[in-house]
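This is what each chain is made of:
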Amino acid sequence: MKYEAVIGLEIHVQLNSKTKMFCDCPNCPGDDPNKNTCPICLWLPGAIPRFSEEVLEKATITALALNCEIQPVNAFDQKVYYYPDLPKGFQLSQFHKPLAKNGWVEIFDEEGCPKKIGIHQVHMEEDVAKLMHETEGRTPISLVDFNRAGTPLTEIVSKPDIRTPFEAMEYIKALRAQIRYAGSAECSMEQGTMRVDANVSIRPEGSEELNTKVEIKNMNSIHNVGDAIAYEIERQAKCLDTGEPIILHTRLWDPEKKVTLPMRGKFEGPCIPDPSVPPITISEEWLNKMRTRLPEMPVRKAARFTDQYGLNHDEASLMSSERELSEYFETVTKLAIPPRTAVHWISTQLMPLMKDNNQTFPNLTITPERLASLIGMLERDEINAKSAREVLTKLFSTDSTPEAIVNEFGFRQVSDTDALVSLIDSVLAKNPQAVSDLKAGTQKAMGFLIGQAMQASKGKANPKLIREILLKKFE
Amino acid sequence: MEPYELTIHELHEKLRSGELTSLDITASVFERIEAVEEEVHSYITLLKEDALESARKSDIEIRRGNMSQLTGIPIAVKDLLCTRGIKTTCGSHILEDFIPPYDATVIKKLKNAGAIFTGKTNMDEFAMGSSTETSYFGITKNPWDPERIPGGSSGGSAAAVAADECIASLGTDTGGSIRQPAALCGVVGLKPTYGRVSRFGLVAFASSLDQIGPMTKDVQDCAIMMNVIAGYDSNESTSVPAEVPDYESFLKRGIEGWTVGIPKEYFIEGMDPEVSSAVEKVIAFIEALGAKSCHISLPHTRYGVAAYYIVAPAEASSNLARYDGVKYGFRAAGSSNLMDMYKKSRSQGFGAEVKRRIMIGTYALSSGYYDAYYKKASQIRSLMKKDFDDAFKVCDVILTPTTPTPAFKIGEKTDDPLQMYLSDVFTLPANLAGIPGISIPCGYSEGGLPIGLQLLAGYFKEEKLLQAASAFEKQINLEKRRPLLHGI
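Keep in mind that this is a model prediction, so the values were computed, not measured.

We now examine the overall build of chain B. Tallying secondary structure elements over chain B gives 15 helices and 11 strands in all. Relative to the globule expectation of 23 Å for 488 residues, the C-alpha radius of gyration of chain B, 21 Å, shows essentially globular dimensions. Expressed as lengths along the three principal axes of its C-alpha atoms, the size of chain B is roughly 65 × 55 × 45 Å. Among the 488 residues that make up chain B, the fraction classed as buried is 64%. For chain B, the share of sequence-separated contacts (at least 6 apart) that also reach a separation of at least 24 residues comes to 76%.

Shown next as structure tokens:
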């Protein structure tokens, strides 16, 4: 039988607030173990959480970036479960009254058609401590690092709108782009600032029923998510084909073996409204303030790039795909560089070199000013394209201006007609065969002669000018 | 009179005049403790050396003229309040060795005011109980009759004040745990409005009900203590940034022209006749104070016990989830794996009453029951709040008995939790509604046991409560009796 998958994702995103969620400790989980702790985030008896306004702002901006409706009142619940990474025995999360509901992000499916993936809700919760297991060298022990305890998370629960592993991956990318744009979180699956769990069920194609789902955890890259879901769909299909029932449970993705394996169930206790953090009322005025802090998001920005700069669809969506890239592009454009030239240089030259040099926009040594001045020289025919590419490479390893490099390495192109005429004359003298071919109308000979002249100039001649001089000579 | 017999305001005058030093007072209190503690057992931890050292420092400050009303005054603290570097057991085996690295906000405030800490007082385990019999650290006796309970859960704090083992103390009140033992031990006990006193550092039992309050020898001392501990704490989200008046300045104003509400639901059948008659006597004083009494109804009172025994255990079930045998001391031996360790440690580390309430709470919150129990109980709370709101539209304060009976015998109700729960029937509505309440002594039974009178006021109206309590205290003019202890 042919099956269709019904997939929903639960994504935890660590907000980049300065402090933890309920105390003033720094939100820096990577510091030396247990450096950032106090009675509140050590969850000591008697300590009482105090909700951070900054976390509320970041969470709200995240939810707005995902087109959610912010609820007028949200509140925390105590979710009881017992595990050593949660030594207080309950996690503050939002079960009864989440921060936001009913959002969406847009993706393009396998056929390139736009599709909206619904977001059921966005809520806030505190992260748990981190366990480190020392299994070698002595009696095995488990250590608890509380630096992460009480750091702020938002959990984004999608609707079961996703149908394929591809869509799941596209959804994560789109959601990540939106949140990174909003600037409220880093969203790195590799670094654990974004964690994705998937709920997967299957049904006969064409059916509308929702079947028993299986939860998959432990996927630490977008590709893992795709692979794990693909595996799980196939596994469930086999179950159904052989008449084996699907049971509600949680499975872990094993990235080495590329399989999902069942995980032992954990005890889930009661859930009760937390009495110590009063319900949070969101006023329209405050919400409007948050809305103004939301930057122009990718889809709108891409449309503007098309209108304002005449970019085509692909160029516009590429230049707006990341906030830093889009800002870089616009800055270059404002420095009198034609927009499509800027797109071309950024996408085909700069970005591959950034990858080679292990740089990203925030730490990029090629400032928009340096790139603009380089492209400017090209535009003014002071250098040719080949030289420009070489200068760009050199710019990564020096503080010099593009002008200084051009001068230092003699990249300035020869546009002096007199000098070029004598250079061309000597090239013509050395290549009588090509000259006669050209006279006979063989266009290939023109290219050959330009190439020879360029070589003679050691690449510094202006090829356009050479062509003009040659054309004049053989008119 | 020995210094330990005096009140805060009397001792303050003697400290100010130089007649006594803090060291004199503190040493006197510890002499008293040494004499009667074996008989009463008010304390879990005594801090004699620290206290004497602090007293010497206080005397230096007093000589320098740095003096607040609590400077140099020995005060006892319920063992549910976190004290930096000092064991805070909550009366439980599972926290036997817990030494907090921080002070509760009220402790900081008392320290800043120059108070001397005598020790940590005994209590029902995690404040769950009405008799101090559920403590892991032994039973506290009622100083008026060592065969009887002192009430609870702040039984140690009440007994310590009644037996002169401290000058005043702090208790906590989740369903009556300050007022009920105050009544049974013949002292003054005030439960402030929820949010009036910071709960930061109070080990949570039921966070939406818990409040810290003073237990003292008279109403004036109660006002003095409130002046120090009340107020907003930016560390604690449920503390309220409302202005704190000088409570002491209200005490002599009288209640002329006031209306005192008498709720019919608090004068029930089965009430001890001696309690009824003591309270009736006080009601007869109302006119003499220039006030009038008025019969009112608080119709949802009858649901109070039921609602309380859903809300409090529900909150406790998650608040106590953190005691898993990993930290704070007790861990059961011989566990084969993590879950086994949790189960064994919690089974052995908690007493029967705590386990009973965790089970009630977990059941009430379990999936499918939330709406039927917890949500319903929350709705009853709203109705009870409305009862009080309506009542305070027609009266200034409400007058009731604090407890249905005087102190009962040790062991009398331990096998019947429901009877035990009913001993808080008059006190727990104030916690469910969040309003303040005070208990003051209003008489003695024929057997010589103290009887308490409860006054209730509207939100953040502690000054009215103290004003009325002071007026009644003066009018009742109870003969000064002291419990007959074998000690000194």
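More follows now that the structure is in view.
In regions of low pLDDT, the predicted coordinates are not meant to be interpreted in detail. Averaged over all residues, the pLDDT of chain B equals 95, while 99% of them reach at least 70. At the level of chain-chain contacts, confidence expressed as ipTM amounts to 0.93, with global pTM at 0.87.

Turning our eyes to something else, we now look at the pairing of strand E7 (residues 259-263) of chain B. Residues and elements named next belong to chain B. In terms of burial, E7 is largely enclosed, as five of its five residues are buried. Side chains Thr259, Gly261 and Pro263 of E7 all project onto a buried face; the interleaved residues Val260 and Ile262 project onto the opposite face, where all are buried too. Pairing of E7 with strand E8 (residues 292-296) involves five bridges; the strand directions are parallel. When the sheet's bridge partners are listed, valine 260 is paired in E8 with serine 293. Running through helix H8 (residues 273-285), the crossover from E7 to the neighbouring parallel element E8 is right-handed. The pairing of E7 with strand E9 (residues 397-401) spans two bridges and is classified as parallel. Bridging from a neighbouring strand, glycine 261 pairs with isoleucine 398 of E9.

Residue and element names in this part refer to chain A. Note that strand E8 (residues 130-134) and strand E9 (residues 141-145) share five bridges and pair antiparallel. Note on E9: the bridge partner recorded for glutamate 134 is isoleucine 141. The hairpin turn running from E8 into E9, its antiparallel successor, is six residues long, and glycine 137 in that turn takes a positive phi close to 90 degrees.

Judged by side-chain polarity, A:Met132, A:Ile141 and A:Leu143 come together as a nonpolar surface patch covering roughly 200 Å² of accessible area. When you line up the elements, A:Ile141 lands in strand E9.

Attention shifts here to the sheet that holds E8(B). Residues and elements named next belong to chain B. Spatial ordering of the open sheet is given by E1-E3-E2-E4-E6-E5-E10-E11-E9-E7-E8, a layout of 11 strands whose pairing is mixed. In this open sheet, the two strands that pair with only one neighbour each are strand E1 (43-46) and E8. Within the sheet, the average angular offset between the axes of one strand and its neighbour, ignoring direction, is 30 degrees.

Another aspect to go through is the domain arrangement of chain B. Reports often express the size of an interface as the amount of accessible area lost when the parts come together. Residues and elements named next belong to chain B. Split by domain assignment, chain B resolves into domain 1 (3-253) and domain 2 (302-379). On the domain 2 side, the residues contacting the 21 residues of domain 1 number 20 residues. Counting each side, the surface lost to burial between domain 1 and domain 2 is near 1,700 Å², with a carbon and sulfur contribution of 64%. Three residues, Ile94, Met128 and Phe205, lead the burial of domain 1 against domain 2; their summed loss comes to 38% of the area buried on that side.

All names here are of chain B. As for its placement among the helices and strands, isoleucine 255 is situated in the loop between helix H7 (219-229) and E7. Of the residues examined, isoleucine 255 reaches a relative accessible area of 1% and is grouped as buried. In this structure the C-alpha to C-alpha distance between isoleucine 255 and isoleucine 286, which are 31 residues apart in sequence, comes to 9.0 Å. Those residues in contact with isoleucine 255 that lie beyond four places of it in its chain are Val260, Leu289, Gly290, Ala291, Gln467, Ala468, Ala471 and Phe472.

To continue, consider the interface of chain B and chain A. Contact residues are listed per partner, giving 37 residues for chain B and 30 residues for chain A. Interface of chain B and chain A: buried area, both sides summed, is about 2,700 Å²; carbon and sulfur atoms make up 63% of it. Of all residues in chain B, B:Ser237, B:Ser318 and B:Arg322 bury the most surface against chain A, accounting for 21% of the area lost on that side. In this assembly, chain B and chain A are joined by zero salt bridges. Listed by contribution, the elements that provide at least two residues to the side of chain B that touches chain A are helix H9 (304-319), helix H10 (338-349) and helix H11 (352-365) of chain B. When residues in the side of chain B that touches chain A are grouped by element, the largest group, five residues, is from H9(B).

Turning our attention to the packing of helix H2 (residues 165-182) of chain A against helix H3 (residues 222-241) of chain A. All names here are of chain A. Two numbers describe how H2 lies on H3: the axes approach to 8 Å, and their chain directions differ by 150 degrees. When the axes of H2 and H3 are compared, the pair comes out roughly antiparallel. Crossing handedness for the pair H2 and H3: right-handed. Mapping the contact onto sequence places Pro165, Ala168, Met169, Ile172, Lys173 and Arg176 in H2 and Ile222, His223, Val225, Gly226, Ile229, Ala230 and Ile233 in H3. Considering only residue class, the contact of H2 with H3 consists of nine nonpolar, two polar and two charged.

This part is about the pattern of salt bridges. If you walk through the whole model with that rule in mind, you get 45 salt bridges over all chains. Between A:Glu232 and A:Arg251 there is a salt bridge whose closest N-O contact spans 3.6 Å. Of this pair, A:Glu232 sits in helix H3 while A:Arg251 sits in strand E13 (residues 249-254); the two residues are 19 residues apart in sequence, bridging distant segments of the chain. Summarising the burial analysis for this pair, A:Glu232 and A:Arg251 share the class buried. With a closest N to O distance of 3.0 Å, B:Lys48 and B:Glu34 form a salt bridge. Residue B:Lys48 is located in helix H3 (residues 48-64), and its partner B:Glu34 is located in helix H2 (residues 22-40); the two are separated by 14 residues in the primary sequence. You can call B:Glu34 exposed: its relative accessible area is 53%.

Below, the discussion takes up empty space enclosed by the protein. The full count for this structure, using the stated rule, is two cavities of 30 Å³ or more. Taken as a whole, the largest cavity encloses approximately 240 Å³ of empty space. Taken together, 30 residues line the largest cavity, and the ones lying closest to its centre are A:Ala47, A:Ile48, A:Pro49, A:Phe90 and B:Arg322. For the lining of the largest cavity, a count of residues per class yields 18 nonpolar, six polar and six charged.

All names here are of chain A. One open sheet accounts for three strands, arranged E5-E4-E15; its pairing is antiparallel. Each edge of the open sheet carries a strand with a single partner, namely strand E5 (90-93) and strand E15 (271-273). Ignoring which end each strand starts from, the neighbouring axes of this sheet average 25 degrees apart. Pairing between strand E4 (residues 77-80) and E15: three bridges, direction antiparallel. Paired with lysine 79 across the bridge in E15 is cysteine 271.

Along the chain, B:Gly152 connects to B:Ser153 via a cis peptide bond; the corresponding omega equals 10 degrees. In the Ramachandran plot, A:Cys187 falls in the positive-phi region, its phi being about 55 degrees despite a non-glycine side chain. Tracing the chain through its elements places A:Cys187 in the loop between H2 and strand E11 (194-204). For A:Cys187, a relative accessible area of 0% translates into the label buried.

About the criteria used
- Residues numbered from 1 in each chain as written.
- Chains lettered and ligands numbered in written order.
- Predicted model: local features only at pLDDT ≥ 70, side-chain atom pairs only at ≥ 80, totals over all residues.
- Heavy atoms only, no water.
- Helix = DSSP H or I, 4+ residues; strand = E, 2+ residues; numbered from the N terminus.
- Rg over C-alpha atoms; globule rule 2.2 N^0.38 Å.
- Buried < 20%, exposed > 50% of the residue type's maximum accessible area, 1.4 Å probe, protein only.
- Contact = heavy atoms within 4.5 Å.
- pLDDT = per-residue confidence, 0-100.
- Pairing = 2+ DSSP bridges.
- Right-handed = clockwise from strand over helix to strand, strands pointing away.
- Patch = residues over 30% accessible without salt bridge, like charges linked within 9 Å, V, L, I, M, F, W, Y side chains within 5 Å.
- Areas by Shrake-Rupley, 256 points an atom, 1.4 Å probe, with all protein chains shown as cover.
- Salt bridge = Lys/Arg side-chain N within 4 Å of Asp/Glu carboxyl O.
- Axes fitted to C-alpha atoms, helices over the stretch in contact; angles between N-to-C directions.
- Domains from an automatic or database assignment.
- Buried area = accessible area lost by both parts, 1.4 Å probe.
- Parallel < 35°, antiparallel > 145°, perpendicular 65-115°, else oblique.
- Left-handed = near helix turned anticlockwise from the far one by under 90°.
- Nonpolar A, V, L, I, M, F, W, Y, C, P; charged D, E, K, R; others polar.
- 1 Å grid on protein atoms, 1.4 Å probe; cavity = no way out; pocket = protein on both sides within 12 Å on 5 of 7 lines; lining within 4 Å.
- Points joined across faces, edges and corners; volume = space filled by probe spheres on them.

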